[in-house]
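# Summary of the model geometry
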Number of protein chains: 2
Amino acid sequence: LISKLSAVPQITAILGNDTTNWNVRELSGGNLNLVHAIDAAAGSVCVKQSLPYFRALGEDSPMPLDRIVFEHRAIREHARHMPNMLPQILYFDADLFLMVMEYLDGYTELRKLLMASKTCSSLGEQLGDYLARTMFLTSDLALSPSERRLQAASMAGNWGMFKWMEELCYTDPYTHRPRNSWNSPYLDDIASEFRRDGPLKRAVARLKEKYMADPAVLVHGDLHTDSILVGENSIRVIDMEHSFYGPFGYDFGHLLGHLFLNYFSQNKDATTFKKQTPYQAWLVDVIQNLWQHFVTEFTLLWNTSRTGGSYPVELFEGCGDLKSSTLALKTLVQRTLHNAAGFTGIEMNRRILGWGAVPDFENIEDAYCRSITERRCLNFGRYLILNANRFQDI
Amino acid sequence: LISKLSAVPQITAILGNDTTNWNVRELSGGNLNLVHAIDAAAGSVCVKQSLPYFRALGEDSPMPLDRIVFEHRAIREHARHMPNMLPQILYFDADLFLMVMEYLDGYTELRKLLMASKTCSSLGEQLGDYLARTMFLTSDLALSPSERRLQAASMAGNWGMFKWMEELCYTDPYTHRPRNSWNSPYLDDIASEFRRDGPLKRAVARLKEKYMADPAVLVHGDLHTDSILVGENSIRVIDMEHSFYGPFGYDFGHLLGHLFLNYFSQNKDATTFKKQTPYQAWLVDVIQNLWQHFVTEFTLLWNTSRTGGSYPVELFEGCGDLKSSTLALKTLVQRTLHNAAGFTGIEMNRRILGWGAVPDFENIEDAYCRSITERRCLNFGRYLILNANRFQDI
């Protein structure tokens with residue numbers, strides 16, 4: 001492998017040609033992949049390779065290797081629209097299911113910052129722009145319908161990732177599963193409530209329909225706070241193996257879900273349960289900035305880059321009807337918000353009741369205290385799902 | 001070609017082996033294809049071949065030949081779910097873009113029957129079953145999500161047909177196009193109204209979004225009354241080159257659209273404009289039967305064949321919650337009806353204002369008289385589009 005990589009000019013430009021100076025070092029690899037750094041005197045690169053099974057669950061849970069092919073395609077596509085927020089790809093080998101990327105030195109996972117109650121600047125602004133641009137520019141608003149259809153079709157085969165999400169997000173938390181795990185016995189009552197809540201399960205099933213069959217835009221697919229790396233002056237979005245063509249607003253669900261999970265986790269004991277901490281106030285600011293920047297950038301694109309088959313300029317601005325154009329935009333932004341609210345609830349519920357707990361709550365040692373904040377997450381998640389279509393703004 | 005076909009046992013079983021007895025005869029071929037019969041003493045077969053241009057518009061309007069590949073795939077798929085209503089395919093040659101099918105002797109286009117005010121039996125029942133089965137059994141309600149995704153992806157490349165529909169149905173009637181043609185000067189005022197109607201154009205654009213990117217079920221794609229052949233004791237559905245994965249209820253749009261167009265065309269002069277004729281009453285019966293049979297069959301499938309990823313039995317009936325299952329079904333049937341209403345309006349408007357007038361109105365010789373019924377169609381079509389989401393039942 002090393003000899004193969006040493007023939008790639010983009011890699012030797014960083015590591016140098018003398019492979020005896022290359023040192024391989026394993027990085028923390030998430031649940032699904034092998035991730036290594038190769039270090040040399042002059043610099044480092046990051047090597048990501050698919051594993052044929054789900055790393056976190058062991059070799060019994062096979063996963064198709066070609067997810068990295070979909071990830072590669074998605075990174076390339078998002079990078080076209082937001083070049084500074086995606087890792088630079090130095091080499092891709094579809095036969096080895098291997099991708100070499102720039103090594104992101106000095107970056108920290110957003111989750112780590114949040115768990116340490118550290119702020120960072122322009123988070124909402126940058127992510128709002130990223131979401132607006134990647135949604136708009138991969139949709140029928142910008143692309144010709146046949147191009148969007150073929151793009152969506154090219155992402156349809158990533159079945160392992162789909163199946164995983166379908167089960168973990170839309171089924172497990174609402175039924176009995178051995179791998180479910182919640183803070184028992186404190187949350188047993190509300191877990192049982194969720195399994196018997198007909199209106200909630202209908203709303204979840206409707207959101208699952210959208211997850212499965214609403215291929216409007218190329219989404220990141222798993223934009224939680226470990227998929228966002230924060231550097232000194234920039235932000236990078238990584239880990240796109242869950243990418244697919246999905247609903248407007250889908251990525252907001254994961255992002256807001258994990259921001260809210262962290263928000264609730266900031267109330268660490270009984271004395272603070274009722275008060276908003278300064279850090280929580282900052283988180284609310286981030287969320288509002290995120291939405292405002294999304295709307296601003298999306299509106300700009302609507303007014304300047306609507307070259308696709310959807311809401312054609314010819315039928316609106318083209319005949320002087322600015323009012324209808326504005327109303328159509330408003331309706332679409334609302335639909336995005338409704339989807340965002342629903343998928344936020346989906347993500348919060350599954351992280352509390354199902355497999356894949358987030359570490360944000362580990363800061364609260366006492367299990368009962370923890371259950372109070374977790375219960376608030378579940379109540380909030382359920383509320384978002386049941387009332388998703390009522391939201392007007394953030 | 002004849003020698004090639006004479007090597008196909010399914011064909012010689014009908015025509016015999018002696019090709020000197022085979023006679024080729026051109027059939028009326030619609031707008032898009034060459035259609036011939038081959039007759040022999042023992043029987044006939046039907047040969048359909050794609051033309052590289054739009055037959056009705058001449059050689060200047062190129063059309064991709066592989067639409068017949070998509071048609072073949074769609075017929076095969078629908079035939080799995082409704083074997084007696086699709087033509088039997090005897091031979092398919094993807095290189096020649098050629099399909100040989102059973103010759104449907106003694107069948108008449110439904111439109112011809114309607115134009116002659118002739119009734120036929122169990123029309124609504126059979127078409128209701130066809131629509132229920134082909135919708136349900138190709139959707140996420142019956143298929144695994146990954147299977148439905150790949151099926152939908154396999155139909156995404158039929159760009160020529162898509163483009164044609166996108167322009168003719170969702171753009172042309174609402175703007176100026178040289179190929180538009182309506183009953184001028186009588187309809188000039190309402191045609192101009194449509195071009196300036198902001199709420200109408202927004203609703204049309206929303207329906208176009210669904211046409212482009214709501215791949216829920218494998219639809220026929222052009223189920224107007226020439227695509228339905230009525231025989232002595234059976235009905236056949238033909239001409240599936242517009243087939244694609246589309247919204248629940250999409251096919252109702254074309255079918256109901258053309259039934260309503262014919263309904264309005266039955267009022268041939270000033271003395272009958274206000275009265276419902278017996279034939280119109282029969283048409284209303286057909287439409288109600290169609291919807292009732294659709295709902296009945298769809299409900300049966302919901303209760304017996306819900307094996308897919310959508311609304312999983314485990315989360316509803318599986319834990320004794322029949323009520324939520326019934327409510328979820330009701331909501332989905334309503335969504336189907338809302339889509340049906342919207343697409344019905346789309347089809348009616350485009351047939352009156354755009355290219356592709358239907359012959360149903362040719363029965364009304366006087367242009368002014370004709371404009372009265374055509375105007376009623378436009379008002380009805382606009383009403384359906386603007387109020388699509390309010391309908392509860394037919």
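Okay, so let's go over this structure. (Residues numbered from 1 in each chain as written. Chains lettered and ligands numbered in written order. Predicted model: local features only at pLDDT ≥ 70, side-chain atom pairs only at ≥ 80, totals over all residues. Heavy atoms only, no water.)

## Observations regarding the sheet that holds strand β3 (residues 44-50) of chain A
Residues and elements named next belong to chain A. In space, the five strands of this open sheet follow the order β1-β2-β3-β7-β6, with antiparallel pairing throughout. The sheet terminates laterally at β1 (23-26) and β6 (89-93), the two strands that pair on one side only. Looking at each pair of strands side by side, their axes are set apart by 20° on average, direction ignored. Pairing analysis gives four bridges linking β6 to strand β7 (residues 98-102), with the strands arranged antiparallel. By the bridge assignment, D93 is partnered in β7 with L98. (Pairing = 2+ DSSP bridges. Helix = DSSP H or I, 4+ residues; strand = E, 2+ residues; numbered from the N terminus. Axes fitted to C-alpha atoms, helices over the stretch in contact; angles between N-to-C directions.)

## Side note on the relation of the copies chain A and chain B
In the superposition of chain A on chain B (RMSD 0.0 Å, axial shift 0.0 Å), the rotation amounts to 180°. What we have between these two chains is a two-fold relation. In terms of C-alpha distance to the rotation axis, chain A has A:A153 as its closest residue, with the C-alpha 2.2 Å off the axis. Comparing interface residues between copies, 100% of those in chain A also lie at the interface in chain B; the contact surface is shared. (Least-squares fit on C-alpha atoms with pLDDT ≥ 70 in both. Contact = heavy atoms within 4.5 Å.)

## Some remarks on the sheet that holds strand β7 (residues 98-102) of chain B
Residue and element names in this part refer to chain B. Sheet architecture is open: five strands sit in the order β1-β2-β3-β7-β6, paired in antiparallel fashion. In the strand order of this sheet, the two ends are held by β1 (23-26) and β6 (89-93), each with one partner. Sheet twist, expressed as the mean angle between neighbouring strand axes with direction ignored, is 20°. In terms of strand pairing, β1 meets strand β2 (residues 33-39) through four bridges, oriented antiparallel. Residue pairing in the sheet places N23 in a bridge with D39 of β2.

## Considering the packing of helix α9 (residues 198-213) of chain B against helix α12 (residues 322-353) of chain B
Residues and elements named next belong to chain B. Running from N to C, α9 and α12 cross one another at 110°; their axes reach a closest spacing of 10 Å. Taken together, α9 and α12 sit at an angle that is classed as roughly perpendicular. Contacts between α9 and α12 involve V204, L207, K210 and Y211 on the former and, on the latter, N339, G342, F343 and I346. Of the residues belonging to the contact of α9 with α12, the class tally is five nonpolar, two polar and one charged. (Parallel < 35°, antiparallel > 145°, perpendicular 65-115°, else oblique. Nonpolar A, V, L, I, M, F, W, Y, C, P; charged D, E, K, R; others polar.)

## Looking at the interface of chain A and chain B
In this assembly, 46 residues from chain A lie in contact with 46 residues from chain B. When chain A packs against chain B, close to 3500 Å² is buried across both sides, 55% of that on carbon and sulfur atoms. In terms of surface lost to chain B, no three residues of chain A exceed A:R149, A:R202 and A:L315, which account for 19% of the buried area on that side. Connecting chain A to chain B are six salt bridges. Connecting chain A to chain B are 16 residue pairs in polar contact (both at pLDDT 80 or more). Of all the elements in the fold, those that place two or more residues in the side of chain A that touches chain B are α6 (145-154), α7 (159-170), α9 (198-213) and α12 (322-353) of chain A. Counting residues per element, the side of chain A that touches chain B draws most heavily on α9(A), which supplies 11 residues. Grouping the constituent residues of the side of chain A that touches chain B by class yields 22 nonpolar, nine polar and 15 charged. (Buried area = accessible area lost by both parts, 1.4 Å probe. Salt bridge = Lys/Arg side-chain N within 4 Å of Asp/Glu carboxyl O. Polar contact = N/O pair within 3.5 Å; in protein donor to acceptor, adjacent residues only side chain to side chain.)

## Structural notes on the packing of aromatic side chains
Applying the stated rule across the entire model yields 46 aromatic pairs over all chains. Consider the rings of B:F162 and B:Y211, whose centres lie 6.1 Å apart with planes at 70°: the pair is edge-to-face. Remark: B:Y211 occurs in helix α9 and B:F162 occurs in helix α7 (residues 159-170); sequence separation between them is 49 residues. We note that B:F162, like B:Y211, is buried. Stacked on the ring of B:F162, the Lys or Arg A:R149 has its end atom at 3.4 Å from the ring centre. Sitting over the face of the ring of A:W302, A:R306 holds its NZ or CZ atom 4.2 Å from the ring centroid. (Phe/Tyr/Trp six-rings, centres within 6.5 Å; stacked < 30°, edge-to-face > 60°. Buried < 20%, exposed > 50% of the residue type's maximum accessible area, 1.4 Å probe, protein only. Lys NZ or Arg CZ within 6 Å of the ring centre and 35° of its normal.)

These values are about where atoms sit, not about what they do.
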